[in-house]
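Architecture and fold: a report
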Amino acid sequence: MRGLIRAFDIAEAGRNKVMNVATTTVDAAPVEKTFLQKLGRMARRQPLGAVSGMMILIMVLVAIFADFVAPHDPVTMNFIDQLAAPSATYLLGTDELGRDIFSRIIHGSRTALVIGFVSAFVGATLGLVLGVTSAYLGGLFDLIFQRIVDIFMAFPLIIMALAIVSVFGSGVGNVIIAITIPFIPKCARVVRSSALALREIPYIDAARACGYSHTRIVLVHMVPNVMAPYLIMVTSFVGQAILLEASLSYLGLGVQEPTAAWGLMLRGGAEQFFESAPWVAIFPGLAITLAVFAFNLFGDSLRDALDPKLRST
Amino acid sequence: MLGFRALAAVTAGAAAMLATGFAAADGHKPKYGGHFTFVIPAKAPPSLDAHRETTYAVIHPARPFYSTLLRVNPNNPADPADFVCDLCVGDVPKPSNKGKTYTFTLRSGVKFHDGTPLTSADVKASFDKIIFPPEGVSSARKSFYQMVDSVAAPNATTVVFNLKYASSAFIPALAAPYNFIYSKAKLDADIHWYEKNILGSGPFILEEYQSGAQITGRKNPDYYLKGQPYLDKITGVFANKESIQVQALRGNRASAQFRGFPPKTRDDLVAALGDKATVQESDWNCVLLATPNHSVKPFDDVRVRRALTLAVDRWGGSQYLSKIAIVKTVGGIVFPGSNLAATKAELMDMDGYREDLEASRERARSLLKEAGVDLSKTYVLNNRAVDQPYKVVGVWLLDQWRQIGLNFEQKVQPTGPFYATLREKGDFDVSIDFNCQSIVNPPIDTSKYLSSDINPQNYGRIIDRKMDDLYNAMLLEADPKKQREKMREYERYVLHDEVKQMITLWWYRTTVHRSHFKGWKVSPSHYLGQALDNVWLDPDADK
Amino acid sequence: MHKYLVKRMLMMVPTLIGAAILVFSLMHMIPGDVCALRYAGTGGTFDVNQIEQCREGLGLNRPLLVQFFDWIGGFFIGDFGTSMWTDRPITEEMGPRILLSLQVAIMATIISIFISIPLGTISAVKQNSWIDYTVRCISIAGIAMPSFWLGILIMLGLLAVSNQFLGYGWIPPIQYIPPLSDPIGNLTQLIWPALATGYRYSAVATRMTRSALLEVLREDYIRTARAKGVIEKLVVNRHALKNSMLPVVTVIGIEFAFLMGGLVVTEQVFNLNGLGKLFVDSVTNHDYTLTQALVMLVAFIFVVMNIVIDVIYAWLDPRIRYS
C-alpha cells in the first residue's frame, strides 16, 4: 500500500510537471551560456522563433511610434465616412463612428502591449520572487504558500479577472491589476519546482555557510538560475494578458471607449453590422490573433531552445 | 389634444413593405393560430412586478398576461392620448363633481387565469398598491398620482377614484402600461407575491418562465375580448446583445423586436430580407440628457456649462448619429411630436442650437478661458453600460467637447452602479441621464428638470426656486396657448439662461419585424401596445 | 488505493475553504449591494424602506463573519442557499444551465480530441518538416484566437454560406432546445459554440501530443523496436502513441475543468443561457450567493478533475499500477 501511495505521488509530480508544460511550458534549464548567445542559437535552430521575434519587434516599434505610423487620429470621428469599406484612404475601412480602423488597430497595439507587458512582467516577477522564496524557505511557509497557490489555480483566469475588475472598476490601470493578480501564483508554482532542485545544490549551502542573508541568497544566488522558466513564463503571459484584456473589453468590463483597444473594437458595431461591414469585425480580431500568435510562437520556440530534452537531434 | 408628426414613415427603399398596420387597411383578415417568437432586447428584470419597475424588460415579457383598467388604443398607438377602456366598459368616463370623481364600470365575467373572478376589489387593491403603497413596498410612479385622494369599490363592478383636485394628468397617468391589475387574494396573502409570479387576466396564460432566458404563454380561451387573441402561443426570448437580436430576425428565429434599431441595421435587414421585413418608424418619447454636476467646480459656473452646450453640434449630430444610433430629433425639453414643443426657430434662438457652429465653438473657447478652466485636466463623464444609444452618444459628446479643448473620459458603469453614482456618490463631472416616458404628457414629463430637492430624479444637484416657479406656472396654466408660452419660458431658463442641463438628441424609434407578423403598430413609446391581443401571423407573407 | 483516495479527498477541503474565503471577500468588496440594485437599479421613485427590508431579509446587515459561516455552513449540509437576485433556490437557477454548459463542454472536448491527437502525432513524426511547422502554427493560432471572435466569424460564415446555398440566411436557434426533446435541433444549436471552444482547446492538446510523442520516440524501447525492423507506422501506433497518451489525457482533463472559463465569453456570442452567462450576470447583479456558489462549483470541478486524472494516470501507466 505504501508503495502504491508513493506511486501516486510520483504520478502527481508527473501531473504537475505536465501541467506546467501545458500551461506555461517550462522545466528547469541548464545555465551555461549568456542570454544573447542563447538567442543567437535559437534564431538558427528555431526559424519560427526568429519569425515571431521579428513580429514582436515590429509590433513594439509600431506601438511606440503609433502617432507617426497611423494615418489618421484614432479617436476623431468622421461622420461622412461611417462604415466605409477598405480603400486607399482607409486601408482597413472605418467603424460606425467613421474612425479609421487601421489607425485604431495601430493605437490599440499600445493598449494591448502596455497591458500585456506590464501585467506579464509584474505578475511573473512577483511570482518569481515568491516562488523562489517558498522553495528556499521550505517548511511551513512553503506548505501554506502552496495551498494558497492551489486556491488561485482552481479558478480559470477569466473568472478571477472578472471578479477583480468588478471590485476595482474598469479602465486600463484596473484591468492590469485584474490580470496581474492571477498570474502571480501561476508563475510562482512553476518557478518553485525549478528552484526546489536548486536548493539541494551545494553552492547554496556554501552561500548559507558564508552567512549571507536569506534575501541575498534568494535574489543573488537563486533567482538568476531560474531565469529560463521565468522568461518563458513572461512571454506566454504577454499573450494570455492580451487575450484576457480583449475578453474583458468585449464583455464591456475592460478598457472603455474612446480608447483604442482591440477587444473593445469587436463590441457593438462590429457584431451589429457584421454582415454589411465585415471589416469592422474581422481586422481587430486578426490583430489580436496575430499578436498573441507571435508571443506564443516565441515562447514555444524559447522553450524548445532552452529545454534540452525536446531539442531535435 | 396632441398633434403628432407623420409616423410610420418608411424610407428603406422599394424593397420595404409600407407599414400600414391596421387590420382592415391591410386588406387581410386576421388569421388564427401560430407561435409568435419575439426578442426582448434586455436582461431579465429584477422583478416581474410592473408596479415597481420602470423598464420595458418587464413590459415586453409580462404585459400579455395582464389586463389594465385603461389603455392606449392598441389600434392607434401612434396617438398616446387616444385612451380606451380595457377592463372597464364603454368610453373613458368623464369626471363628475367638478372634475374630482371618476366612476368606472367594469366588465363582468372577467376571470383571472386561475379561474377566480376579477372584481372591483382587485382593481382597488391594485391601485391602492400603486398609489398608496404600504411601507416597504416600492411604487415607481407613485408621484404621478398626487391628485388622488382615495379609491373605492362600492360594488363588484364599480370603481370610483376620488381626486383632491381636478387634473388633466389623471387619466393619462391611469392609462400607464405598468398598471397591471393583480389579484387581491394574492396581494393580501403576500404583497410581494407578484415580484416573482405572474397571474393576470390578460390575453395569454403563462406557461413557463425560464428566469433570464425566455417566457412562454398560451392563448387564454376565456379572454374577454371576443375572438382575441389570434395567436396560439407566444415566446419572448431575452437577448441583451443587439447583434443577437439582428441575427434572430435575419435568420427568422424571431419575428419581432419591439424596442428599435439604428437605421443602419434597418437598412441591412431590409437589404437582406427584402419584402420579408417590415419597417415602422416614429418619434420617441425618450431623450438623453447631459447633466453637469452643479456641486463640483468648474461646472457650478454657468459660463462653463454654456461652453459645454455651445460645443455640441446637434444639427450635424442628428444627421450623422442617426445612421448608427437610435437618436435623431433635435429638440428641447418637450417631446418634439407634442404641440407644446419648441419650433425649429425657437430652438435656434438658444445657445447650443444656433446655426453657426464655428462661432458657437469660438465663443465656448473664450468662455472657458474667461472662467479660467484647467484644460489640462481630464473630466469624468458618467455613462451607462448600454450601447444603444448611451455609449454611442457618450463617445460623440466626448468628441464634441474635445473640439473646444475640454478633455473628458467616460466612466461606463452597469445600470446599478451608474445610478449609485447619480444618487448617492455624486462622483462625476457630467453625467448622461435620460427622460423616457410611456404616455406622452409633457407638463408631467418635464418635472424631471425641477430642483433636486423637489424631484430627486434631477441628479444635477440643482436648487433654483425661480426654475421651480416657472414650472408651476406652466403646469397650472389652463389655456393651451398660454401654457405653451410658459413652457417656452421654463425651457429657455433651463437650457439657455442657466444651462442647468443639456438636451442631446431625442430618440427615434425604428422597428423592424418580419412581414408575417401583422397587426402590430409602432407608437412613440416602447412601453405601449404590447398586450399582443390584436396581432397575428400570416404564413402567406413568407411565400 | 482507498486510503490514497481518502487522503486526496481530505486535501480538497482546505483548498475549497480557501477558495470560499477568497470569493466571499472579493464579492463583498464590490461596491454597492444587491438590494440597492434590485429595488433602485432602474429609474423611478423607490421606497428606501424596501431596500432596508431587503438587506434585513437577506441578512446583509449581519457581521461579515456571521454571514460567511452561515453560507459556508450551508454547503456542508448540502444547502446552497437562494439567489439574492431572484430569491429562487440556487440549485434551481443552476440546474438547467449546468446541463447546457456541460453538454457544450463535452462536445468541445470530443472535438478537441478528434483534432489534436492526429495532428499532434503527425507533427511529431514529421518533426521539423513543413507539416510540423504548419500544424504548430495551426495549433498556436488556436490558442491565439479569441474564442468570441471565432464565434463571430462562425456566425458570419453561417450566414454567408446559407445565403449562397440555401437562398436564405440561416442562424442557429436562439432559444435553448433540450437534447431529449429535439436532439437534431439541439445539435444544430450547440455544435457551433462547441466548435469555437473545441478548436481553441485542441491547440493545447495538439502541442502536448506532439511533445509527449517526441519524448517517447527517443526512448530505448522504440529504438529497439525500430532495430527489430518493425515498420514505422506500427512503431508509432502500437508502441509510441499509447505510451505518450498519459500527459495528453492530463491536459485534456485539466482543460475540461477550465472550459467553464472559456464558456464565459463564448456563451455571450451565441446568447446561450449557460453557466458562463449566469456567472457574468450574477457578478454584475451583485448576487453574492449565486456567484459564490458558481465559483465553488468551478473550483470543485477543478479539484475533482485533478483526482480523476491521477486515477487515470495510475490506470494508464503500468509502472504506477504494478509498483
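Scroll up to find the structure this text is about.
The structure displayed is predicted, hence computed values, not measured ones.

1. A closer look at unusual backbone geometry
Residue and element names in this part refer to chain B. Here the bond from glutamine 228 into proline 229 is cis, since omega is -5 degrees, no more than 30 degrees from zero. When you line up the elements, proline 229 lands in the loop between strand S8 (214-219) and strand S9 (233-238). For the bond from lysine 297 to proline 298, the omega torsion is -5 degrees, close enough to zero to count as cis. Secondary-structure assignment places proline 298 in the loop between strand S11 (277-292) and helix H9 (302-311). Backbone geometry at asparagine 97 places phi at a positive 55 degrees, although glycine is not the residue there.

2. A word on the interface of chain A and chain C
Contact residues are listed per partner, giving 61 residues for chain A and 64 residues for chain C. Carbon and sulfur atoms make up 75% of the surface buried where chain A meets chain C, a total of about 5800 Å² over both sides. In this structure, the connection of chain A to chain C is made through 1 residue pair in polar contact (both at pLDDT 80 or more). Looking at the side of chain A that touches chain C, the elements with two or more residues in it are helix H1 (2-24), helix H3 (47-64), helix H6 (139-153), helix H7 (157-168), helix H11 (227-250) and helix H14 (278-306) of chain A. Residues of the side of chain A that touches chain C, tallied by class, amount to 40 nonpolar, 11 polar and 10 charged.

3. Structural notes on the sheet that holds strand S4 (residues 101-105) of chain B
All names here are of chain B. The strand order across the open sheet formed by 3 strands is S4-S6-S5, and the pairing between neighbours is antiparallel. Bordering the open sheet on either side are S4 and strand S5 (148-155), each of which pairs with just one other strand. Here the strands of the sheet are splayed against their neighbours by 15 degrees on average, with no regard to which way each runs. In this structure, S5 lies alongside strand S6 (residues 158-163), joined through 5 bridges in antiparallel fashion.

4. Some thoughts on the interface of chain A and chain B
Taken together, the contact pairs 24 residues of chain A with 25 residues of chain B. Summed over both partners, the interface of chain A with chain B comes to about 2100 Å²; 55% of that surface belongs to carbon and sulfur atoms. For the pair chain A and chain B, the number of links is 0 salt bridges. For the pair chain A and chain B, the interface holds 3 residue pairs in polar contact (both at pLDDT 80 or more). Of the residues contributing to the side of chain A that touches chain B, the split by class is 10 nonpolar, 7 polar and 7 charged.

5. A look at the state of the cysteines
All chains considered together, the criterion is met by 3 disulfides over all chains. The side chain of Cys85(B) participates in a disulfide bridge whose partner is Cys88(B); the two sulfur atoms lie 1.8 Å from each other. For the disulfide bridge between Cys85(B) and Cys88(B), the dihedral angle about the S-S bond is near -105 degrees, and by the sign convention the bridge is left-handed. Here Cys85(B) falls in the buried class, since its relative accessible area comes to 13%. For Cys88(B), a relative accessible area of 1% corresponds to the buried category. Covalent S-S linkage joins Cys35(C) and Cys54(C), the inter-sulfur distance amounting to 2.0 Å. Around the S-S axis, the bridge from Cys35(C) to Cys54(C) shows a dihedral of about -80 degrees and counts as left-handed. On the criterion of sequence distance, the pair formed by Cys35(C) in helix H2 (residues 34-40) and Cys54(C) in helix H3 (residues 48-58) is long-range, its members being 19 residues apart.

6. Things to note about the pairing of strand S14 (residues 407-413) of chain B
All names here are of chain B. Across 7 bridges, strand S13 (residues 378-384) lies against S14 in parallel orientation. Looking at the pairing, asparagine 382 lines up with lysine 411 of S14. Crossover connection from S13 via helix H13 (residues 387-402) to parallel S14: handedness right-handed.

7. As for the nonpolar core
Grouped together as the largest cluster of nonpolar side chains are 320 residues, with contacts concentrated most on Phe161(B) and Trp401(B). In terms of residues, this core owes the most to one element, helix H12 (residues 288-316) of chain C, which gives 14 residues. When sequence neighbours within four positions are dropped, the list of residues in contact with Phe161(B) reads Leu69(B), Lys100(B), Thr101(B), Tyr102(B), Phe104(B), Phe127(B), Ile131(B), Ser150(B), Val151(B), Phe170(B) and Leu174(B). Grouped together as the second largest cluster of nonpolar side chains are 19 residues, Ala124(C), Ile143(C), Ala225(C) and Ile252(C) included.

8. Here we look at the packing of H14(A) against helix H6 (residues 130-144) of chain C
For the pair H14(A) and H6(C), interaxial distance at closest approach is 8 Å and the crossing angle is 125 degrees. Considering the angle they form, H14(A) stands oblique to H6(C). Two packed elements cross with a definite hand, and for H14(A) against H6(C) that hand is right-handed. Counted together, Ile288(A), Thr289(A), Val292(A), Phe293(A), Asn296(A), Leu297(A), Asp300(A), Ser301(A) and Asp304(A) of H14(A) and Arg136(C), Cys137(C), Ile140(C), Ala141(C), Ile143(C) and Ala144(C) of H6(C) form the full contact between these two elements.

9. Observations concerning the side chain of Arg509(B)
Residues and elements named next belong to chain B. Mapped onto the elements of the fold, arginine 509 is located in strand S16 (residues 502-514). Within the buried set, arginine 509 has no salt-bridge partner at all; the shortest N-O distance to an opposite charge, 11 Å, is to glutamate 281. Those residues in contact with arginine 509 that sit more than four places away from it in its chain are Phe258, Arg259, Gln280, Glu281, Ser282, Trp284, Trp520, Val522, Ser523, Ser525 and His526.

Scoring rules and cut-offs
Residues numbered from 1 in each chain as written. Chains lettered and ligands numbered in written order. Predicted model: local features only at pLDDT ≥ 70, side-chain atom pairs only at ≥ 80, totals over all residues. Heavy atoms only, no water. Helix = DSSP H or I, 4+ residues; strand = E, 2+ residues; numbered from the N terminus. Contact = heavy atoms within 4.5 Å. Buried area = accessible area lost by both parts, 1.4 Å probe. Polar contact = N/O pair within 3.5 Å; in protein donor to acceptor, adjacent residues only side chain to side chain. Nonpolar A, V, L, I, M, F, W, Y, C, P; charged D, E, K, R; others polar. Pairing = 2+ DSSP bridges. Axes fitted to C-alpha atoms, helices over the stretch in contact; angles between N-to-C directions. Salt bridge = Lys/Arg side-chain N within 4 Å of Asp/Glu carboxyl O. Disulfide = S-S within 2.5 Å. Buried < 20%, exposed > 50% of the residue type's maximum accessible area, 1.4 Å probe, protein only. Right-handed = clockwise from strand over helix to strand, strands pointing away. Core = buried A, V, L, I, M, F, W, Y, C linked by side-chain atoms within 4.5 Å. Parallel < 35°, antiparallel > 145°, perpendicular 65-115°, else oblique. Left-handed = near helix turned anticlockwise from the far one by under 90°. Lys, Arg positive; Asp, Glu negative; His and termini not counted.

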